[in-house]
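Listed below are the residues making up each chain.
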Amino acid sequence: MMFPAIRVGCRAWLVGFVCLVMALFALDAPARAQLSETQIETLTTQAKESGATIVVIQPDSEKVAEESADLLDTIKLKLAFEGILREADHLPERLMATVERAGNGSAQWLLPTILFGAVFIAIGMGIERLFSRWARNHFMYLFNPVPKDRAERIGYLILRFLIRSSGAIAAAVVAYVLSLAVARGHPAPFATQSTAIWTVMGIRLVLAGFHNLLAPDAPSHRMLTFSDQAAGRLYRGAVWVFTTAGISIGICVWMFRLQLDHDAHRLMLVLSVLYTAIVVTWLALANHSAITAALRGGAEGATMSLFGRLLTANWHLIFLVYAVIACFVSIARILLNAPSAFGLIGMPILILGAALGVYGFGLILIDRYFERHPPVETIVPEPEAGETTGASEAMDMSAEATDVPEFEPLEVADEAAPEDIAAPRNAYHTLAEHALAIIVTLVAGFLVADLWGLSDTQVGGIITDFIEVGLILFLAYMVWRAVDVAIRLQQAEEDASAAGDGAEAEDGMGMGVSRIATLLPLIRMALMITIVTMTVMVALSELGVDIGPLLAGAGVIGLAIGFGAQTLVRDIISGAFFLADDAFRRGEYIDVGAVKGTVEKISLRSMQLRHHNGPLNTIPFGEIQQLTNFSRDWVTMKLPLRVTYDTDVEFVRKLIKRIGQELLKDPEIGPLFLEPLKSQGVIQMEDSAIIIRVKFKTRPGKQFVVRKTVYNRIQDAFMEHGIKFAHKEVTVRVAESPRPLSEPEKGAVAGAAVRSTETEQPAGKQPSAADSL
C-alpha cells in the first residue's frame, strides 16, 4: 500500500512542476497588452535588469484595469522566476559573500559564533534537564501507569507536553540571555546565534507535540488508534521531516537577517518551500495505511457511513492535491512579494495538532465537570484485586522519576490495558463533547483560511458571511439539541414513573402519564418549528436578504390558510382547549362515543386511540362531541356474590369487613386501596340465591389486580366458615307415579327446566362473571 501511494505522489509532483514551467515559459512570446504609462515604465525597467524583451504597443482604446493588472502580475511572475533561475548558479557565492560582508570582509567569525552558540544551547538543555526532573517529581506522580478513563490518558499527555515545551522554552531563554551577554555589539554573531536558538526551540516544540500526539513510548495513554510499530515509525519520520524542514527555514531567516541579495533569498525560500512540501507529502504517503486505520478509529468499513468510508479511503489524494496547490501558490507569492506566502503547507498540520490538543483539554474539563455532576444512577467501579492506587502508586512513580531525568516509555504489564469502564452518562455529556468538536473545527478552519489570506479578498467576504451563517446555525443547533435532550430526559423520567406504578392494567384501563408528559411532545414540536423559523430568518438577514416581505407574505399565506382550511383550524383549536382543560392524557382510557381505547399519540389536530382488542383509531379533535375518561382519579369496583338462602347475612357482612381490614394491612395490596372492602348488603333475591354485593375503591388500572385478590380471599373465607355459593337450579315437580320415569320422560322434564331458565334470562343478556360463582 505504501509504494503505490508514493508513486502516485511523485507523478503528481512531476506533472505539477512541468505545468508550472510550461506556463511560465509560454510567456516568452512578445506580450501584447494595454497598460498604463506607469506599468510600462515598471516593466521596461525590470526587462532591462533581467535581459528580457518586451514589445509595448500603445492602443487607441483602453482596456479594463483588472485585465491589465492580471497580465502585469503574470509577467512579473515570469521575470522573477527567470531571475531566481539565474541566481541558482551563483547561490553559493552569494551566500559566502553575505557571510564575509557581515564580518567586514572576513568569514572567520562564523566558526567561533557556531561553537559559542552550541555551548549556549547545551547549557540551556542542561537547565531543561533539571527542570524536567523537578517537574516529574512534583507532577507526574498524579497519573497512573494504567489509566482508568479517558481524562487520565489525555491529562497525562497534556501535562507531559507542557513539561517538555516549558523546558524547551526555558532552555531557549537561557541560551538567548547568554548570547545577548556575550555577543552584545556584534550584530552578525548575535543574529546567527539567536536564529539558531529560536529555530531549535521551534523544532523541539513541534516534535514535543507530535511525540505526545502519537505517544510511541506510552501505548496505554495513546489516544489515536496507531499500533506501537506504526506510531514509532510515524514519529521517527516526523522527527526527520520537521527537523530538516525547520533547519531550512532557519537558514532562510538567518540569511535574511544578514541581508542576503533579494533574488538569492527568494531562491532559498522557494527551495525551502519545495523541500518542505515534498518531504511532508512523502511522510503522509509512506504512512498511508497507518493513518487510514487511525482515521477509521478501528471501526470496520460496514459500520461507517458512505462519506466516512470515502474520506478515509481517499484522504491521501486530497492531501496530495492540497500540498501541490499550496506549494505552487507559496512559490508564486514569494516571487511576487505577495503577503501570506509562508506556512501554507506546514502550518495547517500544526494547527491540526493544536486543535487536537485543545479538544483533548476540553474533554478533560467536560469529564471532570460531569464527574462532579453525575447522573442519578452512576456506577462507580471498585479497584480490582492487586491493583495499586493512591499514595503507594504515587510513591512508585515518584521514585522512578528521580532516577530518570528524561521521559522514558511507561512500563505496562503484559496484558492489555483495561477498557474504559462504561457507566451511565449524563445526556448533556455527549452534547457538550459535540459542541466542543464543532467549535474547535470552526476555529481551526478559520485559522487556515486566514493563513491563506482569504480575509483580504472578495472571496474572504463571502467566507466571512458563511462563517457568520455557520455560527448562527451552530447556535441554533446547540439550542435545539439542549432543548431536545431536556425534553427527552423529562419524557423518560415521566414514562419511568408511570411504568413503575404497577402491573399493566387489563384492557388498557390504567392511569395515564402526567400532564407534563402528555404536553412534552407538542412542546418539542412547537419549539422545533420556532427555532427553525427564527434561524432561517436570521441567516437570510445576515446574507443581505430583506426578510420584511417574507414576513408579510407569511402573514398573507397564514390568513389564506385560516379561511380555506376551517376544518383544520377547528381541529387544532379544539385540541388546544381539550389539552388546556386536561380532559385526557397519554395512556388514559377514554370513550369518545364512536370509539374507545387508550390514548397512544397526540398531535396538533388529532389523537390516536388503541382499542383493547388491538385496532388503532385516529380521531380529529373537532369531531369529538363528548368524552368519557375511565382513568382519572379513582374507580369503584362492585362485585356481586350469590349465596344460599340459609346464609347468615349479618355474619357475611362482618366477615367481609374483616377481610377488608386484613387486605389493608397487606404490604402489596393494601397501598392500592383508596377505600377498604365492605359489604353493601342484599341487593337482590332470586328463586335459588341471595345476591350480596361488596365494593372497594382504588386507583384506575389497579382494580383488576385487587379484584383477583378479593375473590381469592372471599372464596377461602367462605369455605372456611361453611358458606356455600348458590348455583342456579330449577325444581320440576312431577306427579307421583307407582313406576319410575322412562328415559323419554326424563328428557321432557329436562327440556322443561331449560325452557324455564331461558324464560328467566332476558333476551340478549349474557351471563355475568358473578353468575359463574
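Residues numbered from 1 in each chain as written. Predicted model: local features only at pLDDT ≥ 70, side-chain atom pairs only at ≥ 80, totals over all residues. Heavy atoms only, no water.

Draft legend 1. The arrangement of the overall build of the chain in detail. Helix and strand counts for the chain come out as 21 helices and eight strands. When burial is assessed residue by residue, the chain has 36% of its 773 residues classed as buried. Sequence-distant contacts, at least 24 apart, represent 74% of the contacts inside the chain between residues at least 6 apart. For the chain, the computed accessible surface area is about 44800 Å², with 63% contributed by carbon and sulfur atoms. (Helix = DSSP H or I, 4+ residues; strand = E, 2+ residues; numbered from the N terminus. Buried < 20%, exposed > 50% of the residue type's maximum accessible area, 1.4 Å probe, protein only. Contact = heavy atoms within 4.5 Å. Areas by Shrake-Rupley, 256 points an atom, 1.4 Å probe, with all protein chains shown as cover.)

Draft legend 2. Inspection of the packing of aromatic side chains at higher detail. Taken as a whole, this structure holds ten aromatic pairs when the rule is applied. With 5.3 Å between their ring centres and 40° between their planes, Y176 and W198 make a pair best called tilted. You can see Y176 sitting in helix 6 (residues 150-182) and its partner W198 sitting in helix 7 (residues 187-214), a full 22 residues away along the chain. In this structure W198 comes out as partly exposed when scored by relative accessible area, which is 35%. Each residue in the set Y176, F190 and W198 is aromatic and connected to the rest through ring pairs, giving one cluster. The ring of W634 carries K697 above its face, with NZ or CZ at 3.9 Å from the centroid. (Phe/Tyr/Trp six-rings, centres within 6.5 Å; stacked < 30°, edge-to-face > 60°. Lys NZ or Arg CZ within 6 Å of the ring centre and 35° of its normal.)

Draft legend 3. A look at the sheet that holds strand 6 (residues 635-643). In spatial order, the strands read 6-8-7; together these three strands make up an open sheet with antiparallel pairing. The sheet terminates laterally at strand 6 and strand 7 (673-685), the two strands that pair on one side only. Across this sheet, the average inter-strand angle for adjacent strands is 20°, counted without regard to direction. Running at roughly 165° to strand 7, helix 19 (residues 649-665) makes contact with strand 6, strand 7 and strand 8 (690-698) of the sheet. Docked against the sheet, helix 20 (residues 703-720) engages strand 6, strand 7 and strand 8, running at close to 25° with respect to strand 6. (Pairing = 2+ DSSP bridges. Axes fitted to C-alpha atoms, helices over the stretch in contact; angles between N-to-C directions.)

Draft legend 4. Just a nonpolar patch on the surface, in detail. A surface patch of nonpolar side chains, about 620 Å² in accessible area, is lined by M525, M528, I529, V532, V536, L568, I572 and L604. Of all the elements in the fold, those that place two or more residues in the nonpolar patch are helix 16 (515-542) and helix 18 (566-580). Along the chain, the position of V536 falls in helix 16. (Patch = residues over 30% accessible without salt bridge, like charges linked within 9 Å, V, L, I, M, F, W, Y side chains within 5 Å. Salt bridge = Lys/Arg side-chain N within 4 Å of Asp/Glu carboxyl O.)

Draft legend 5. Fine view of the environment of R713. Along the chain, R713 falls in helix 20. Residue classification places R713 among the partly exposed positions, given a relative accessible area of 28%. In the structure, R713 is positioned 50 residues away from L663 in sequence and 8.9 Å away in space, judged by C-alpha atoms. When residues no more than four places from it in sequence are discounted, the contact partners of R713 are I659, E662, L663 and D666.

Draft legend 6. Local environment of unusual backbone geometry. In this structure, A215 is a non-glycine residue whose phi angle is positive, near 45°. Even without being a glycine, Q259 presents a positive backbone phi close to 65°. Its place among the elements puts Q259 in the loop between helix 8 (228-257) and helix 9 (262-286).

Draft legend 7. Main features of helix 12 (residues 346-372). Here helix 12 spans 40 Å end to end across 27 residues, near enough to the 39 Å set by a 1.5 Å rise per residue. For helix 12, the full list of buried residues reads G346, P348, I351, A355, G360, G362, L363, I364, I366, D367 and F370. (Expected span 1.5 Å × (residues − 1).)

Draft legend 8. The arrangement of the pairing of strand 4 (residues 616-620) in detail. Where strand 3 (residues 606-610) meets strand 4, five bridges bridge the pair, whose relative direction is antiparallel. Bridge pairing in strand 4 places L609 opposite N617. The antiparallel hairpin formed by strand 3 and strand 4 contains five residues in its connecting segment, where G614 sits at a positive phi of about 120°.

Draft legend 9. The arrangement of the sheet that holds strand 3 in detail. Pairing is antiparallel across the open sheet formed by five strands, whose spatial order is 4-3-2-1-5. The open sheet has two edge strands with one neighbour each: strand 4 and strand 5 (628-629).

Draft legend 10. Looking closely at the side chain of H429. On the secondary structure map, H429 appears in helix 14 (residues 427-451). Judged by relative accessible area, which is 8%, H429 ranks as buried.

Draft legend 11. Examining the pattern of salt bridges more closely. Across all of its chains, the model carries twelve salt bridges by this definition. Here R266 and D263 are joined by a salt bridge, their closest N and O atoms 2.7 Å apart. Residue R266 and its partner D263 are located together in helix 9, separated by three residues, close to a single helical turn. Under the relative-accessibility criterion, D263 is labelled partly exposed at 25%. Its salt-bridge partner being R610, residue E600 comes within 2.9 Å of it at the nearest N-O pair. You can see E600 sitting in strand 2 (residues 596-602) and its partner R610 sitting in strand 3, a full ten residues away along the chain. Overall, the relative accessible area of 37% leaves E600 in the partly exposed class. Using a relative accessible area of 31% as the deciding quantity, one classes R610 as partly exposed.

Draft legend 12. Broad picture of the nonpolar core. Counting 32 residues, the largest nonpolar core has M255, C327, I331 and L335 as the members making the most contacts within it. Top contributing element to this core by residue count: helix 11 (residues 306-335), with eight residues. Not counting the four nearest positions on each side in its chain, I331 is found in contact with V270 and V273. (Core = buried A, V, L, I, M, F, W, Y, C linked by side-chain atoms within 4.5 Å.)

Draft legend 13. Structural view of the packing of helix 19 against helix 20. For the pair helix 19 and helix 20, interaxial distance at closest approach is 11 Å and the crossing angle is 130°. It follows from the interaxial angle that helix 19 and helix 20 lie oblique. Like other packed secondary-structure pairs, helix 19 and helix 20 cross with a definite hand, here right-handed. Residues V652, L655, I656, I659, E662 and L663 of helix 19 form the contact with helix 20, whose own contacting residues are T709, V710, R713, I714, A717 and F718. Looking at the contact of helix 19 with helix 20 residue by residue, the class counts come to nine nonpolar, one polar and two charged. (Parallel < 35°, antiparallel > 145°, perpendicular 65-115°, else oblique. Left-handed = near helix turned anticlockwise from the far one by under 90°. Nonpolar A, V, L, I, M, F, W, Y, C, P; charged D, E, K, R; others polar.)

Draft legend 14. Region of the structure containing the side chain of Q193. Mapping Q193 onto the fold places it in helix 7. With near-sequence residues (within four places) excluded, Q193 lies in contact with T113, F116, G117, F120, S179 and A183.

Draft legend 15. Layout of the environment of E87. Summarising the element assignment, E87 is placed in helix 3 (residues 65-88). Filtering out sequence-adjacent residues up to four positions away, E87 remains in contact with R94, D261, D263, A264 and L267.

Draft legend 16. Structural context of the confidence of the model for the chain. For the chain, the mean per-residue pLDDT works out to 75, and 72% of the residues sit at or above 70. For the stretch residues 22-36, pLDDT sits under 50, and the model shows 24 contacts to residues farther than four places along the chain or on other chains. The model gives residues 376-425 a pLDDT under 50, and that stretch makes 59 contacts with residues more than four places away or in other chains. (pLDDT = per-residue confidence, 0-100.)

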